[in-house]
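Examination of the molecular architecture
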Amino acid sequence: MSSALTDLFPYPIVQAPMAGGVSVPQLAAAVSEAGGLGFLAAGYKTADGMYQEIKHLRGLTSRPFGVNLFLPQPETADPAAVDVYAHQLAGEAAWYETELGDPDCGRDDGYETKLAVLLDNPVPVVSFHFGVPSREVVESLHRVGTFALVGATTVDEARAVEQSGADAVIAQGVEAGGHQGTHRDNPETGGSGTGLLALVAQVREAVSLPIVAAGGIMRGSQIAAVLAAGASAAQLGTAFLATPESGAHDLHKQALTNPLFVRTELTRAFSGRPARALVNRFLREHGPYAPAAYPEVHHLTAPVRKAAATAGDAQGMALWAGQGHRMARELPAGQLVEVLAAELAAAGTALSGLSGYTTGGGAR
């Protein structure tokens, strides 16, 4: 990774931008203050809401940070399929004494307005999810001194990121919690993906861009592994979800290590796009029938998910989590960064102690 970008954060640790109220200014500030790169998530917020969070964050730290944007989505959903799913969810709405949301209340997430705010009030880093920004957008960010990072889940997507002129690619493995950042939602491949180590190695050979590795990373030794595979930094989401600074609902934090939730699964149940969540009642009952319709399904289920959280019922919430969720630690975010950095250093020492194997001389 270019020295100008790595100089922003002493440790190769990036806090993933988790939309839906998790990546609050307090969390991003704690991570950045500790030497990582904290992130705000602009997804599902208004442009003004994003701006107010940036102002709040700047009041908490003078360290660099990033803001994540969702790319506008093409209109590919089948309205009839969305209607059928809405009919299926009617019982959920009745149970939680709420109404289903309007599936047609917006699909661009205020992208252009948010981008305009970030060009008028530049931040150190902007990352993009669900697609690739145009070269013109990337160049406009560069002109105001902002680094652009773009997610990819395949080698072909990574090549598209490189062509955009972005400064780095975020290689997201299938282990990652929350939404898979595929550039196009293909219903035929929605339940599959490439593991992180394999993806990083493949992307490393395909593009010359620096790589930020994301997906299931919970320990410093795993950061060491992705660095050895060719990444320049690691992005962690679920690891920071359980911290006290995280804006996640307490039930969500507790579910990460609750024995009631033993595994995760990619599902369209909550949003219409493949996303990894802890398997609960809602996912089991509705996941098999959810259409490929994002953000329509997201809007449809939003009131139900909110009502379930208000009622204290984790079985009706979207419990986003990566495959390493059982390794979550309830440490303050800054302390977690320090622990991860220490684990990374220890892993590096252990690897150097095995150097004899690389010379053909066997163990020493």
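What this report covers is the structure whose coordinates are included nearby. (Residues numbered from 1 in each chain as written. Predicted model: local features only at pLDDT ≥ 70, side-chain atom pairs only at ≥ 80, totals over all residues. Heavy atoms only, no water.)

Comments concerning the overall build of the protein chain
For clarity, the threshold we go by: Numbering of helices and strands runs from the N terminus; a helix is a DSSP stretch of H or I covering at least four residues, while a strand is a stretch of E covering at least two. Taken over C-alpha atoms, the radius of gyration is set against a globule rule of 2.2 Å times the number of residues to the power 0.38. The buried label goes to any residue with under 20% of its type's maximum accessible area, the exposed label to any with over 50%, and the partly exposed label to all in between, with areas taken from a 1.4 Å probe on protein chains only. Here, residues are in contact when the closest pair of their heavy atoms is within 4.5 Å.
If you tally the helices and strands in the protein chain, you get 14 helices and 11 strands. On C-alpha atoms alone, the protein chain measures out to a radius of gyration of 20 Å, which is about the 21 Å that the 2.2 N^0.38 rule sets for 364 residues. Along the first, second and third principal axes, the C-alpha set of the protein chain runs to 65 × 45 × 40 Å. Here the protein chain holds 364 residues, and 56% of them are scored as buried. For the protein chain, the proportion of contacts with a sequence separation of at least 24, taken over those separated by at least 6, is 69%.

A closer look at the nonpolar core
Short version of the rule: Remark: nonpolar core denotes a set of buried residues (Ala, Val, Leu, Ile, Met, Phe, Trp, Tyr, Cys) joined through side-chain atoms within 4.5 Å.
Core analysis: the largest hydrophobic core is formed by 98 residues, its most contacted members being Val67, Leu69, Phe128, Leu236 and Phe240. What Phe240 contacts, discounting residues up to four positions off in sequence, is Ile13, Gln15, Met18, Leu27, Val31, Ser246, Ala333, Leu336, Val337 and Leu340. Leu37, Phe39, Leu149 and Ile170 belong to the second largest nonpolar core, which has 14 residues in total.

What about the packing of helix H7 (residues 155-163) against helix H8 (residues 196-206)?
Any two packed helices are characterised by how steeply their axes cross, that is the angle between the axes, and by the distance between the axes. Selection criterion: For every element, the axis is a line fit to its C-alpha atoms; helices are fit only across the contacting stretch, and the angle between N-to-C directions ranges from 0 to 180 degrees. Oblique is the label for any angle not covered by the other classes, which are roughly parallel (under 35 degrees), roughly antiparallel (over 145) and roughly perpendicular (65 to 115). Note on convention: near helix rotated counterclockwise from far helix by under a right angle means a left-handed crossing. Clockwise means right-handed. In this classification, the charged set is Asp, Glu, Lys and Arg, the nonpolar set is Ala, Val, Leu, Ile, Met, Phe, Trp, Tyr, Cys and Pro, and all remaining amino acids, among them Gly, are polar.
At a closest axis distance of 9 Å, the pairing of H7 and H8 adopts a crossing angle of 45 degrees. When the axis of H7 is compared with that of H8, the two are oblique. Read as a crossing pair, H7 and H8 show a hand that is right-handed. For the pair formed by H7 and H8, the contact residues are Val155, Ala158, Arg159 and Glu162 on the first element and Leu199, Gln202, Val203 and Ala206 on the second. Taken together, the residues of the contact of H7 with H8 break down into 5 nonpolar, 1 polar and 2 charged.

Section: the pairing of strand S4 (residues 125-129)
Here is the rule we go by: DSSP calls a pair of strands paired once it identifies at least 2 bridges connecting them. Clockwise travel from the first strand over the helix to the second, with the strands pointing away from the viewer, marks a crossover as right-handed.
Within S4, 5 of the 5 residues are buried, which leaves the element mostly enclosed by the surrounding structure. Here S4 shows two buried faces, one formed by Val125, Ser127 and His129 and the other by Val126 and Phe128. Of the pairings in the sheet, the one linking strand S3 (residues 65-70) to S4 comprises 5 bridges and is parallel in character. Looking at S4, one finds that Phe70 is bridged to His129. Here S4 pairs with strand S5 (residues 147-152) via 4 bridges, running parallel. Looking at S5, one finds that Ser127 is bridged to Leu149. Assessed by its sense of winding, the connection that carries the chain from S4 through helix H6 (residues 135-143) to S5 is right-handed.

Some details on the pattern of salt bridges
For clarity, the threshold we go by: Any Lys or Arg side-chain nitrogen found within 4 Å of a carboxyl oxygen on Asp or Glu counts as a salt bridge.
This structure, assessed with the given rule, holds 9 salt bridges. The residue Glu53 makes a salt bridge to Lys45 at a minimum N-O spacing of 3.8 Å. Using a relative accessible area of 17% as the deciding quantity, one classes Glu53 as buried. Here Glu296 and Arg107 are joined by a salt bridge, their closest N and O atoms 2.6 Å apart. In this pair, Glu296 is assigned in helix H13 (residues 296-310) and Arg107 in the loop between helix H4 (79-95) and helix H5 (111-120), connecting sequence segments 189 residues apart. Of the two residues, Glu296 and Arg107, neither departs from the other in class, the shared state being buried. Salt bridges sharing common partners tie together Glu92, Arg281 and Glu285.

What about the sheet that holds strand S1 (residues 13-15)?
With parallel pairing, 8 strands are arranged side by side in an open sheet as S1-S9-S8-S6-S5-S4-S3-S2. This sheet does not close on itself; its edge strands, each paired only once, are S1 and strand S2 (38-41). Here the average twist between neighbouring strands, direction ignored, is 25 degrees. The sheet contact formed by S2 and S3 spans 4 bridges and is parallel. For Leu40, the partnering residue across the bridge sits in S3 and is Val67. Those strands touched by H7 are S5 and strand S6 (168-172), and its axis lies near 160 degrees from that of S5. Contacts from helix H9 (residues 220-229) reach S1, strand S8 (211-214) and strand S9 (233-236) within the one sheet, and its direction differs from that of S9 by about 135 degrees.

A word on the sheet that holds strand S7 (residues 178-179)
Strand pairs in the sheet, formed through backbone hydrogen bonds, run parallel or antiparallel to each other. With respect to topology, 3 strands assemble into an open sheet ordered S7-S11-S10, the strand pairing being antiparallel. Where the open sheet ends on each side, the last strands, each with one partner, are S7 and strand S10 (264-267). Examined bridge by bridge, S10 and strand S11 (residues 275-278) share 4 bridges and lie antiparallel to one another. Within S11, the residue paired with Thr267 across the bridge is Ala275.

So, helix H14 (residues 333-353)
To keep it simple, the criterion reads: Multiplying one less than the number of residues by 1.5 Å gives the expected span of a helix. Summarising the geometry, the arc corresponds to the directions from the helix axis toward the C-beta atoms.
Taking 1.5 Å of rise per residue, the 21 residues of H14 would be expected to cover 30 Å, and the 30 Å separating its terminal C-alpha atoms lies within 8% of that figure. Residues of H14 that are buried: Ala333, Gly334, Leu336, Val337, Leu340, Ala341, Leu344 and Ala347. Viewed along the axis of H14, the buried residues span an arc of 155 degrees, placing them on a single side of the element. For H14, the exposed residues set more than 90 degrees away from the buried face come down to Thr349 and Gly353. Contacts made by the buried residues of H14 are with S1, helix H2 (25-33), H9, S9 and helix H10 (238-241).

Function cannot be inferred from these measures alone, as they are strictly geometric.
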